[in-house]
Amino acid sequence: MAEITDDIRERVKKIVCDILEVEPAELTETTVYTEEFDADSLAVIEILAALEDTLNVSIDQAEAPRMVSLASIYDVLAEA
């Protein structure tokens with residue numbers, strides 16, 4: 001997935017907000033949700049799985065530690 005469109009950004013943000021149970025206004029592209037919202041590794045794996053299902057992509061679980069903010073998720077998705 002090379003290009004991360006605005007639609008994909010919105011879908012990713014919705015997934016992350018739903019899993020972390022936070023309001024969209026609380027989450028910026030650079031918010032490190034593992035620190036700000038105490039998201040654990042299970043939440044990160046849930047986000048990864050939801051992204052795979054929703055966006056029909058395959059993400060190596062080894063990428064999970066990188067996926068700690070919206071910006072880093074977009075980077076991983078661009079490489080997927």
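Definitions and cut-offs
- Residues numbered from 1 in each chain as written.
- Predicted model: local features only at pLDDT ≥ 70, side-chain atom pairs only at ≥ 80, totals over all residues.
- Heavy atoms only, no water.
- Core = buried A, V, L, I, M, F, W, Y, C linked by side-chain atoms within 4.5 Å.
- Buried < 20%, exposed > 50% of the residue type's maximum accessible area, 1.4 Å probe, protein only.
- Helix = DSSP H or I, 4+ residues; strand = E, 2+ residues; numbered from the N terminus.
- Contact = heavy atoms within 4.5 Å.
- Expected span 1.5 Å × (residues − 1).
- Arc of directions from axis to C-beta.

A. View of the nonpolar core. If you look at the biggest cluster of nonpolar residues, it comprises 27 residues, and the most contacted ones within it are Val12, Val16, Tyr33, Leu51, Met67, Ile73 and Leu77. Of all the secondary structure elements, the ones that give two or more residues to this core are α1 (6-20), α3 (41-55) and α4 (70-79). The element contributing the most residues to this core is α3, with 7 residues. Ignoring any residue separated from it by four or fewer positions in sequence, one finds Tyr33 in contact with Val16, Leu20, Leu27, Asp38, Ala39, Val44, Ile47, Met67, Val68, Ser69, Leu70 and Ile73.

B. Layout of α3. Helix length check: α3 (15 residues) gives 21 Å between terminal C-alpha atoms against 21 Å at 1.5 Å per residue, within 8%. Residues of α3 that are buried include every one of Ala43, Val44, Ile47, Leu48, Ala50, Leu51 and Leu55, and no others. Along the axis of α3, the buried positions cluster into a sector of 165°, meaning they face one direction only. Turned more than 90 degrees off the buried face of α3, the exposed positions are Ser41, Leu42 and Asp53. Turning to α3, the residues buried within the fold contact α1, α2 (33-36) and α4.

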